[in-house]
Each structure stands twice: as structure tokens, then as C-alpha cells.
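Examining the three-dimensional arrangement
Spelled out, the chains give:
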Amino acid sequence: MSVVGASDEWIDLLERMLPDILRLVVEVWTGMPKPFSDDKEDQITELLCRALRNNRTVRDLPFYIQIQMVELDPAAGQELGRLDIAFMPTGLPGAPNESIYFCLECKRLNVVSNGSKRPGGSEYVVHGMARFVNGQYAGAVRHGGMLGYVLDGDVDGAITHVASNVKSQHVSLCMEPPGTLNSSSVLTEAPTARESLHSRTGESTHFRIHHLFVDALGSTA
């Protein structure tokens, strides 16, 4: 599922940017006004993307930030994907390279409606993680990201529920048993950051998904 002609130089550049990208997301989210308990996923993502762009410009970080970008070259047999947020390196001649990006797929978790809670762990796996594993997203690179908006503020509970769904679906996610969400090797200072390893078909290097779970409720005081 790798894109023919994809440059290792581009891929290496993107991987070197990962710590900056992930920390940018966490820092910007922390500074955003909340709560988002009644907001739709696209509305939250649009607000986040605007804040990310403003912060990236101030810090002069070498990547573009695009929202709802269409992936025109998915793996064979996969439908076109619409990337929630894409970070595209600008630090090499000919930038951007449309196949080299870090995709952050966003999902709502613990949605409370009419007094009942929908955890959303299954959708997180099936309509998020699986799109990286099957090559619909990020076919030319080795990293992707998931961002869970925890709408009731129970981040630990959301992580537990997602982890349970990952474990139960680890075979389809091409993970070694038992299918574990590990602590982040990039954001070691972030207690709610996780990562998972996946063996995509035809690739000798593991694909790594970086998981960020964030409190979308915030203080209600």
C-alpha cells in the first residue's frame, strides 16, 4: 500500500516533526475554551484547526495544517478518505508532497444525550483506527493519529473503554495479542497519551497510531 516514489527523506522529515505536532495539539487544546459537551465533531475540529493554525504561525513550525483533506490515493479496494486534520511538512523542496502527511482522525467519546451515555469506543476503532490499518489513510507513511474528544470529562473511563474495544478487535487491527494500548513513547510526559502498533499488509515496518484523549468538558465552575 506504499506509494511508488515516496521519498524516505520526506518520511523521515515527517517523523522528526511528530513530537512537535503532538505537543502542539495538546498545548492548543489545553488553552481552548470549553465545554464542548453539546457540540458536533466537525464543529469542535474546525475550532481546533483554527487554533492550531494560529499557534503554528506564531511558533513558525515547518508544516501546513489542512482540515477535511481528501485522500485521493488510498490502498487498492479502499474508498476515498476525508482526513479530519492533516499536517504536511514544508521543509523540503517541492513542498507539500500530498502523500506525506500526519493525519489526526477525530472522534467523540462518552457522548451524553437524553440522560444516557454512548461511549463510542467501537466507532473509534472501526471508523478511525481501521482506516489507517487498511490503508485508506496514511498509505505512504508509518504514523497516524487518533484524537478522542471526551465529552463528559471522564478521560480515564474513555481510555479504558477504547482499550477494551481495541483488545476485542486486535486481530482485524493487525495487532499482536492481546492488543494493547501502550503509553506514548513520544509524549512521555502526557499520562493520557497512548500508542498502538499494527502490521499492515505488505509492509515490513510497524504502523504506529498515536492516541490523544482530551477533556472536552473542562471546568463547569
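Per chain, residue numbering runs from 1 following the sequence as it is written. Side-chain atom pairs in this predicted model are given and counted only at pLDDT of 80 or more, local residue features only at pLDDT of at least 70, and totals for whole chains, interfaces and linings cover all residues. The side-chain figures draw on all heavy atoms in the structure; neither hydrogens nor water molecules are used.

Here we come to the overall build of the chain. A count of helical and extended segments in the chain gives four helices and nine strands. Strands are runs of DSSP state E lasting at least 2 residues, helices are runs of H or I lasting at least 4, and numbering of each runs from the N terminus. When the helices and strands of the chain are placed in sequence order, the string is α-α-β-β-β-β-β-α-β-α-β-β-β. As defined in this context, the radius of gyration uses C-alpha atoms, and a globule is described by 2.2 Å times the residue total to the power 0.38. Computed over its C-alpha atoms, the radius of gyration of the chain comes to 17 Å, within 12% of the 17 Å expected for a compact globule of 221 residues. Taking the principal axes of its C-alpha atoms as reference, the chain extends roughly 50 × 45 × 30 Å. Think of it in three bands: with a 1.4 Å probe and only protein chains considered, a residue is buried below 20% of the maximum accessible area for its type, exposed above 50%, and partly exposed in between. Within the chain, the fraction of its 221 residues that count as buried is 47%. Long-range pairs, those at least 24 residues apart, make up 63% of the contacts in the chain between residues at least 6 apart in sequence. Accessible area of the chain: about 10,400 Å², with a carbon and sulfur share of 49%. Working convention for charge: Lys and Arg count positive, Asp and Glu count negative, and His plus the chain ends are omitted. A charge is said to be at NZ when it belongs to Lys, at CZ for Arg, at CG for Asp and at CD for Glu. Across the chain, 19 positive and 27 negative side-chain charges occur, with their mean positions spaced 3 Å apart. Any two residues whose heavy atoms approach within 4.5 Å at even a single point are treated as in contact. Where accessible areas are quoted, they stem from the Shrake-Rupley method and a 1.4 Å probe; at the residue level, only the protein chains shown are allowed to cover.

To continue, consider helix α2 (residues 41-59). Given the number of residues in a helix, its expected span is that number minus one, multiplied by 1.5 Å. The first and last C-alpha atoms of α2 sit 27 Å apart over 19 residues, in line with the 27 Å expected at 1.5 Å per residue. Turning to α2, its buried residues are E41, I44, T45, L48, C49 and L52. Within α2, the buried residues cover an arc of 130 degrees as seen down the axis, which keeps them to one side. Facing away from the buried surface of α2 by more than 90 degrees, the exposed residues are R50, N54, T57 and V58. Phi turns positive, to about 55 degrees, at D60, one or two residues after α2. Directions drawn from the helix axis to the C-beta atoms are what define this arc.

Next up on the list: the environment of H210. Residue placement: H210 occurs in strand β9 (residues 207-215). Along the sequence, H210 and E41 sit 169 residues apart, while their C-alpha atoms lie 19 Å from each other. Beyond its immediate sequence surroundings of up to four residues, H210 is in contact with L18, L22, F102, H143, G144, G145, M146, V186, R194 and E195.

Where helices are involved, their axes are fitted lines through C-alpha atoms of the stretch in contact, as for all axes, and angles between N-to-C directions lie from 0 to 180°. Where helix α1 (residues 8-31) contacts α2, the axes come no closer than 10 Å and their chain directions differ by 115 degrees. By the angle between their directions, the pair α1 and α2 is classed as roughly perpendicular. With respect to the hand of their crossing, α1 and α2 are arranged in right-handed fashion. On α2, the residues touching L24, V25, E27, V28 and W29 of α1 are I44, L48, A51, L52, N55, R56 and R59. For the contact of α1 with α2, the residue count by class is eight nonpolar, one polar and three charged. An angle below 35 degrees is read as roughly parallel, one above 145 as roughly antiparallel, one from 65 to 115 as roughly perpendicular, and any other as oblique. Crossing chirality is assigned from the near helix's rotation relative to the far helix, an anticlockwise turn below a right angle marking it left-handed and a clockwise turn marking it right-handed. Classification convention: Asp, Glu, Lys, Arg as charged; Ala, Val, Leu, Ile, Met, Phe, Trp, Tyr, Cys, Pro as nonpolar; all other residues, Gly among them, as polar.

Turning to the pairing of strand β3 (residues 102-109), a few remarks are in order. Most of β3 sits out of view: eight of its eight residues are buried. Neither face of β3 is left uncovered, since the one carrying F102, L104, C106 and R108 and the one carrying C103, E105, K107 and L109 both have all their residues buried. Think of it this way: DSSP has to see at least two bridges between two strands before they count as a pair. Bridge analysis of β3 against strand β6 (residues 143-150) gives six bridges, and the strand direction is parallel. When the sheet's bridge partners are listed, L109 is paired in β6 with V150.

Any link to function would need more than the numbers given here.
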